[in-house]
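Understanding the architecture of this molecule
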Amino acid sequence: MAFTGELAISTRGLRKTYRRLNGSKHVAVEGLDLDVPVGGVHGFLGPNGSGKTTTIRMLLGLIRADQGTMRVFDQPVPARLPDVVGRVGAIVEQPKFFPNFSGRRNLLLLAGAIGADSRLVEVVLGDVGLADRAKDRYRTYSLGMKQRLAIAATLLKDPDLLIFDEPTNGLDPAGIREIRDVMRGLAGRGKTVLVSSHILAEVEQVADTVSIIARGRMIADGRVSDLLGTGAARTVRVGVAVPGTAGSLLEAQGWTVRRDGHQLLVDGAPDPARITEILARQGLFVDELTPVKVDLESVFLELTAGQGPGTRPPDEHPHGRRAAGSDS
Amino acid sequence: MRLLRVELTRFRCRVLLWVLSVCVIGLALLLPFQAWQSSKAPTAAQIEQAQRYADEEQKAQDEYREECLEQQEEARETDPNADYGCDYEVRIENYLPWRQTFEDDAGSTLYGFMIPLLLVGVAMAASFVAAEFATGAIGNWLTFAPRRGRVYWSKVVAATTGVVPMAVVSVATLVGGLWVAYSLNDSITSQWADDPDMGGERAVLMTPELLVAAGGRLVVAVMAVAALGAALAVIMRHTAAVLGALAAWLAVIEGLVRGQVGSAFPYLLLPNLQAWVQGGVTYYDDVCANDADTGEWVCTTTEHVLSQTHGGVVIGVVVGVVALVGWLVMRRRDVQ
Ligand SMILES: Nc1ncnc2c1ncn2[C@@H]1O[C@H](COP(=O)(O)OP(=O)(O)OP(=O)(O)O)[C@@H](O)[C@H]1O
Ligand SMILES: [Mg+2]
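None of these values were measured; they are calculated from a predicted model. (Residues numbered from 1 in each chain as written. Chains lettered and ligands numbered in written order. Predicted model: local features only at pLDDT ≥ 70, side-chain atom pairs only at ≥ 80, totals over all residues. Heavy atoms only, no water.)

Some words on the domain arrangement of chain A
- As far as domains go, chain A holds domain 1 (7–229 + 298–303) and domain 2 (233–293).
- Taking only C-alpha atoms into account, the centre of domain 1 of chain A sits 43 Å from that of domain 2 of chain A. (Domains from an automatic or database assignment.)

Now the structure itself:
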């Protein structure tokens, strides 16, 4: 388990199979162990069709899991979902409301369903900046407005956990930024935000922790900072006059060293300062020392390589590598 | 309870349901107007003309009577019961334009109104529920109200009670309108009730009390089909699918079976609805077999009555079973 401490979401061995029209079965989620710590923004990453939406739907009780257990705020779901649903706000894929009712009417109905004060509707409409379009039919809204109405709806519950499934799909840069600010703002108020996405850059900027899945399996999870510093991510480029000697010295430390022209690429190295120290002790002076700048994107691509749609089925995969979390 | 209140609010807010209600109430106003037109007293000119025809007919009849009686006498030598109707009495009514009366025609007008009213009831309930599934709003809804059973029953009950105002207003308009229309033309009493040729055959003549009672049962029937429509909408998810399936059922199953297998009649939907609303319907069942003695193919037609109670029970069972199936489907359904 990558996270200790309180968990907002925790699944074990979660599995979901869809039946195709021709009767064949398709495994969308395969033994997923997902942990989302309380507080902060948690990115839920995976290529298209990797099972993110399916997992979220199972958590919300919209579809049934075939196997496995799920807990939300330590309550088993879907069994105890009615008890925790008030603490969970969710937007799954596209927001869906009654197209011929106004935004306000849609929210009033939802408020009625949970017994919330109807005055709260005006408040949340104001919060998302929809107050002056609230009387218009939902179907006349732009995508960004629909998205904001959906956020307003989740705020009716004042939830502790917010689940956003690809919230920036189809939004312009301003809209994306706005959503990102909303998520950070919620996390700042102590809420837990689970945001699924296949766009890495987006999550990298807001998420504190991430889980990366491919073909329905967890392949890595942990703090963003740790993931960026593992594997290929923790590579240091070393420029030195006599790469041969330097290479042997560094290999003796147990690090993987590759030659790249006159430079060395050291994988799995700890602190760059250690490298300088070791080499300097032997009278070798480095003329370049740079951590190879990586982002989540490359980690993601590396981890999910060959696991996108149309590649091998999940069963043929060796169990995905899991990054070591900071506190595991 | 909270969910039911919200669902009823949603029912009220749907424009389509108002449009359908207005249409059906419009029909309920149109029918009494028609009744008023077709129950007007004949004009003096019409009476005069009818009298002329009647007199002529009477003359012809008088001339013919003797011959008729002779022929009848002859016939009685072989068949003692032969009746040539030679004493046929000429009635002026036969030569007057046909005129509707409350006693004769109010009932059939209400029963005719039953079909469109039930259709509108089903359509309203089905569209009310299916809209949520077709638009996907149900997924959002379930993240606010995750108890599927409660969500389901709140929708079915809301659809069932939601149609009541429409049903009551339209039935009351029709029943009241018919009474007013026939009263205005002073055309309450049946012209045939005292007709010796027809009297014996007459079904029960309509009275205001009977009409009100039938109207009340019609309102209950609308509620029943609304519950059916709501449950089917949960199962099928699209209004068009529900209406299409019902139309296909009525046309293929009820239409064909009704014609082919007389004994299935008591278990079909429409006859039972009719039995419930009309206080019983009569149907005929042909039993055909090769006669043991002659080897001929003979059919005997038996008359059966489908009672009001039978109709009520069958409809109740059908609605109950479909509602339970809908509940099971709702509980197990994967919502996208
Ligand atoms: N209702 C369904 N019936 C059949 N298969 C489905 C259904 N929903 C999803 N799938 C399949 O399950 C797999 C996972 O789908 P899912 O929607 O969970 O992926 P995702 O990670 O959300 O992808 P994306 O990033 O494109 O939203 C896909 O292969 C998809 O084709
Ligand atoms: Mg998805």
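Some words on the interface of chain A and chain B
- Each side of the interface is counted separately: chain A has 25 residues, and chain B has 26 residues.
- When the two sides are added together, the surface that chain A and chain B hide from each other amounts to roughly 2500 Å², 64% of it contributed by carbon and sulfur.
- In this structure, the connection of chain A to chain B is made through one salt bridge.
- K16 of chain A is the salt-bridge partner of D334 of chain B, the closest N and O atoms lying 2.7 Å from each other.
- Linking chain A with chain B are eight residue pairs in polar contact (both at pLDDT 80 or more).
- Listed by contribution, the elements that provide at least two residues to the side of chain A that touches chain B are α2 (81–84) and α3 (103–114) of chain A.
- The greatest single-element share of the side of chain A that touches chain B, amounting to six residues, is contributed by α3 of chain A.
- Its residues placed into classes, the side of chain A that touches chain B shows 16 nonpolar, three polar and six charged. (Contact = heavy atoms within 4.5 Å. Buried area = accessible area lost by both parts, 1.4 Å probe. Salt bridge = Lys/Arg side-chain N within 4 Å of Asp/Glu carboxyl O. Polar contact = N/O pair within 3.5 Å; in protein donor to acceptor, adjacent residues only side chain to side chain. Helix = DSSP H or I, 4+ residues; strand = E, 2+ residues; numbered from the N terminus. Nonpolar A, V, L, I, M, F, W, Y, C, P; charged D, E, K, R; others polar.)

Brief notes about the sheet that holds strand β14 (residues 263–267) of chain A
Residues and elements named next belong to chain A.
- Pairing is antiparallel in the open sheet, where four strands are placed in the order β13-β14-β12-β15. Of all strands in the sheet, those with a lone pairing partner are β13 (256–260) and β15 (286–291), marking the two edges. Averaged over all adjacent pairs, the angle separating strand axes in this sheet is 20 degrees, with direction ignored.
- Looking at chain direction, strand β12 (residues 235–240) and β15 are connected through five bridges and run antiparallel. The partner of R237 across the bridge, within β15, is T290.
- In the packing of helix α10 (residues 272–281) onto the sheet, contacts are made with β12 and β15, and the angle to β15 comes to roughly 160 degrees. (Pairing = 2+ DSSP bridges. Axes fitted to C-alpha atoms, helices over the stretch in contact; angles between N-to-C directions.)

Brief notes about the nonpolar core
- Among the nonpolar cores identified, the biggest contains 153 residues, and L107, I163 and F164 of chain A together with W141 and L218 of chain B are the most heavily contacted of them.
- One finds V236, L264, V266 and L279 of chain A within the second-largest nonpolar core, a separate group that totals 13 residues. (Core = buried A, V, L, I, M, F, W, Y, C linked by side-chain atoms within 4.5 Å. Buried < 20%, exposed > 50% of the residue type's maximum accessible area, 1.4 Å probe, protein only.)

Re the UniProt feature "transmembrane region" (unreviewed entry) in chain B
All names here are of chain B.
- Per the UniProt entry, the sites bearing "transmembrane region" (unreviewed entry) are residues 15–33, 110–135, 156–182, 210–235, 242–261 and 311–330 in this numbering.
- Helix makes up 100% of residues 110–135 and strand 0%, with an end-to-end C-alpha separation of 37 Å.
- Along residues 242–261, the helical share is 95% and the strand share 0%, with 26 Å between the first and last C-alpha atoms. (UniProt positions renumbered as here; feature names shortened; annotations may be inferred.)

Things to note about helix α6 (residues 173–188) of chain A
Residue and element names in this part refer to chain A.
- End to end, α6 covers 22 Å across 16 residues, agreeing with the expected 22 Å (1.5 Å per residue, within 8%).
- Restricting attention to buried positions, one finds in α6 the residues G175, I176, I179, R180, M183, L186 and A187. In a view along the axis of α6, the buried residues occupy a sector of 140 degrees, so they form one face of it. The exposed set on the far side of α6, more than 90 degrees from its buried face, consists of P173, A174, R177 and G188.
- Taken together, the buried residues of α6 touch β4 (40–45), α5 (143–155), β8 (161–165), β9 (192–197) and α7 (200–206). (Expected span 1.5 Å × (residues − 1). Arc of directions from axis to C-beta.)

Looking at the side chain of T17 of chain A
- Relative to the assigned elements, T17 of chain A resides in strand β1 (residues 7–19).
- For T17 of chain A, the contacting residues outside a window of four places in its chain are K25, H26, V27 and D66 of chain A.

Re the site of ligand 1
- Contacts to ligand 1 come from 14 residues, most closely from H26, G49, K52, T53 and T54 of chain A.
- Neighbouring residues of ligand 1 are not confined to one chain but are distributed across chains A and B.
- Residue G49 of chain A places a main-chain N or O atom 2.7 Å away from an oxygen atom belonging to ligand 1.
- For ligand 1, an oxygen atom lies 2.5 Å from a polar atom in the side chain of T53 of chain A.
- Burial of ligand 1 by the surrounding chains reaches 71%, relative to a free accessible area of 630 Å².
- Top contributing element to the shell around ligand 1 by residue count: helix α1 (residues 52–59) of chain A, with three residues. (Near = heavy atom within 4 Å. Areas by Shrake-Rupley, 256 points an atom, 1.4 Å probe, with all protein chains shown as cover.)

Details of a nonpolar patch on the surface
- Taken together, the side chains of W249, L250, V252, I253 and L256 of chain B make up a nonpolar region of the molecular surface, amounting to roughly 420 Å² of accessible area.
- Relative accessible area serves as the criterion here: at 32%, I253 of chain B is assigned to the partly exposed category. (Patch = residues over 30% accessible without salt bridge, like charges linked within 9 Å, V, L, I, M, F, W, Y side chains within 5 Å.)

Re empty space enclosed by the protein
- Inspection of the entire model under this criterion finds five cavities of 30 Å³ or more.
- One number sums up the size of the largest cavity: a volume of about 180 Å³.
- Lining the largest cavity are 18 residues, and of these V92, Q94 and K96 of chain A together with G139 and N140 of chain B lie nearest its centre.
- Looking at the lining of the largest cavity, the elements with two or more residues in it are β7 (88–91) and α5 of chain A together with α5 (137–142) of chain B.
- With three residues, the top contributor of residues to the lining of the largest cavity is α5 of chain A. (1 Å grid on protein atoms, 1.4 Å probe; cavity = no way out; pocket = protein on both sides within 12 Å on 5 of 7 lines; lining within 4 Å. Points joined across faces, edges and corners; volume = space filled by probe spheres on them.)

So, the sheet that holds strand β10 (residues 209–214) of chain A
Residues and elements named next belong to chain A.
- Strands sit in the order β7-β8-β9-β4-β10-β11 across an open sheet of six strands; the sheet is mixed. For this open sheet the edge positions go to β7 and β11 (217–223), each flanked by a neighbour on one side alone. Neighbour to neighbour, the strand axes of the sheet diverge by 15 degrees on average, direction disregarded.
- Here β10 pairs with β11 via six bridges, running antiparallel.

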